[in-house]
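Each chain is listed here by its residues.
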Amino acid sequence: SISTATLPNGMAGDAYSQALAAAGGTAPYSSWTVTVGALPTGLTLNLGTGVISGTPTTAETQAFTVQVGDAASHTATRALSITVDPALSISTATLPNGMAGDAYSQELAAAGGTAPYSSWTVTVGTLPAGLSLNLGTGVISGTPTAAETQAFTVQVGDAASHIATRALSITIDPALS
């Protein structure tokens, strides 16, 4: 029989490797194949060792049936599935304008990866004068002091130590007179 009952999730863009296990019959086990369905895009099954490996490229769930043969030409099958979670990304695409002298607050958002998200940083450029980024929550806040446009790159980390970056900008309009 194939003793592997479930397979762990993978993440798009991250290497994946999981060995399938067999029990009973007459060792050695070989001739592993996918008989129904397909593995997630980017993953392959080693027909001799039963290791599913590769780098999944797409967030998806694939159901499939694997088969193994033993030294006495007996076979066993097992229905399994692998879910590939989306890669970590910063989903905030644009930030609203602010006004010099008026309070500003905007939360950056992340998606995919493994929550919780933390370790927000500005890696390139700077925020407009008077604004700061909360490294734990991803909130840009403060009172901008001058009319300007600043381009910068933000980075976030997730619980699985993945990182994502995104280029953004904030325009601060002059105060009303």
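Placed above this text is the structure.
Now for a description of the structure that goes with this document. (Residues numbered from 1 in each chain as written. Predicted model: local features only at pLDDT ≥ 70, side-chain atom pairs only at ≥ 80, totals over all residues. Heavy atoms only, no water.)

## As for the overall build of the chain
In step 1: Broken down by element type, the chain carries zero helices and 16 strands.
In step 2: For a compact globule of 177 residues, the expected C-alpha radius of gyration is about 16 Å, and the chain comes in at 25 Å, more than 25% above that figure.
In step 3: On the principal axes, the C-alpha backbone points of the chain span a range of 90 × 25 × 20 Å.
In step 4: Across the 177 residues in the chain, those meeting the buried criterion constitute 34%.
In step 5: Pairs at least 24 apart in sequence give 57% of the contacts found in the chain among residues at least 6 apart.
In step 6: Summing over all exposed atoms, the chain offers an accessible surface of approximately 8,700 Å²; the carbon and sulfur share of this is 53%. (Helix = DSSP H or I, 4+ residues; strand = E, 2+ residues; numbered from the N terminus. Rg over C-alpha atoms; globule rule 2.2 N^0.38 Å. Buried < 20%, exposed > 50% of the residue type's maximum accessible area, 1.4 Å probe, protein only. Contact = heavy atoms within 4.5 Å. Areas by Shrake-Rupley, 256 points an atom, 1.4 Å probe, with all protein chains shown as cover.)

## Considering the sheet that holds strand β4 (residues 43-45)
In step 1: On the basis of which strands lie adjacent, the open sheet formed by three strands has the order β2-β5-β4 and antiparallel pairing. The open sheet has two edge strands with one neighbour each: β2 (16-19) and β4. For this sheet, the mean angle separating the axes of adjacent strands, direction not counted, is 15 degrees.
In step 2: Relative to strand β5 (residues 51-54), β2 runs antiparallel, the two sharing four bridges. Bridging across to β5, Ser-17 finds its partner in Ser-53. (Pairing = 2+ DSSP bridges. Axes fitted to C-alpha atoms, helices over the stretch in contact; angles between N-to-C directions.)

## Digging into the sheet that holds strand β14 (residues 139-142)
In step 1: The strand order across the open sheet formed by three strands is β10-β14-β13, and the pairing between neighbours is antiparallel. Looking along the sheet, the strands with just one partner apiece sit at the ends: β10 (104-107) and β13 (131-133). Put simply, the sheet's adjacent strands are angled 15 degrees from each other on average, direction ignored.
In step 2: Summarising the sheet, β10 and β14 pair through four bridges and their orientation is antiparallel.

## Comments concerning the pairing of β5
In step 1: Relative to β5, β4 runs antiparallel, the two sharing three bridges. In the sheet register, Leu-45 faces β5, and the bridge partner there is Ile-52.
In step 2: Two successive antiparallel strands, β4 and β5, enclose a turn made up of five residues, where Gly-50 displays a positive phi of approximately 75 degrees.

## Points about the environment of Ala-159
In step 1: Secondary-structure assignment places Ala-159 in the loop between β15 (148-157) and β16 (163-173).
In step 2: Taking relative accessible area as the criterion, Ala-159 reaches 48% and is therefore assigned partly exposed.
In step 3: Here the alpha-carbon distance between Ala-159 and Ser-119, two residues 40 residues apart in the chain, equals 9.9 Å.
In step 4: Once residues lying within four places of it in the same chain are set aside, the contact partners of Ala-159 are Thr-114, Ala-115 and Pro-116.

## A closer look at the nonpolar core
In step 1: Counting 19 residues, the largest nonpolar core has Leu-95, Leu-108, Ile-140, Phe-152 and Ile-170 as its most contacted members.
In step 2: Put simply, the parts of the chain that give this core at least two residues each are β13, β15 and β16.
In step 3: Here this core takes four residues from β16, the largest share from any one element.
In step 4: Leaving out residues up to four positions away in the same chain, Phe-152 has contacts with Leu-95, Val-122, Val-124, Gly-125, Thr-126, Leu-127, Ile-140, Arg-166, Ala-167, Leu-168, Ser-169 and Ile-170.
In step 5: Grouped together as the second largest cluster of nonpolar side chains are 18 residues, Ala-12, Tyr-16, Leu-39 and Ile-52 included. (Core = buried A, V, L, I, M, F, W, Y, C linked by side-chain atoms within 4.5 Å.)

## Here's the deal with the pairing of β15
In step 1: Where strand β12 (residues 118-125) meets β15, five bridges bridge the pair, whose relative direction is antiparallel. Note on β15: the bridge partner recorded for Ser-118 is Gly-157.
In step 2: As defined by bridge partners, β15 adjoins β16 across 10 bridges and the pair is classed as antiparallel. Following the sheet pairing, Val-154 is matched in β16 by Arg-166.

## What about the environment of Thr-153?
In step 1: Summarising the element assignment, Thr-153 is placed in strand β15.
In step 2: The spacing of Thr-153 and Val-122 is 31 residues in sequence and 5.7 Å in space, taken between C-alpha atoms.
In step 3: Residue contacts for Thr-153: discarding those within four places in its chain leaves Thr-121, Val-122, Thr-123, Val-124, Thr-165, Arg-166 and Ala-167.

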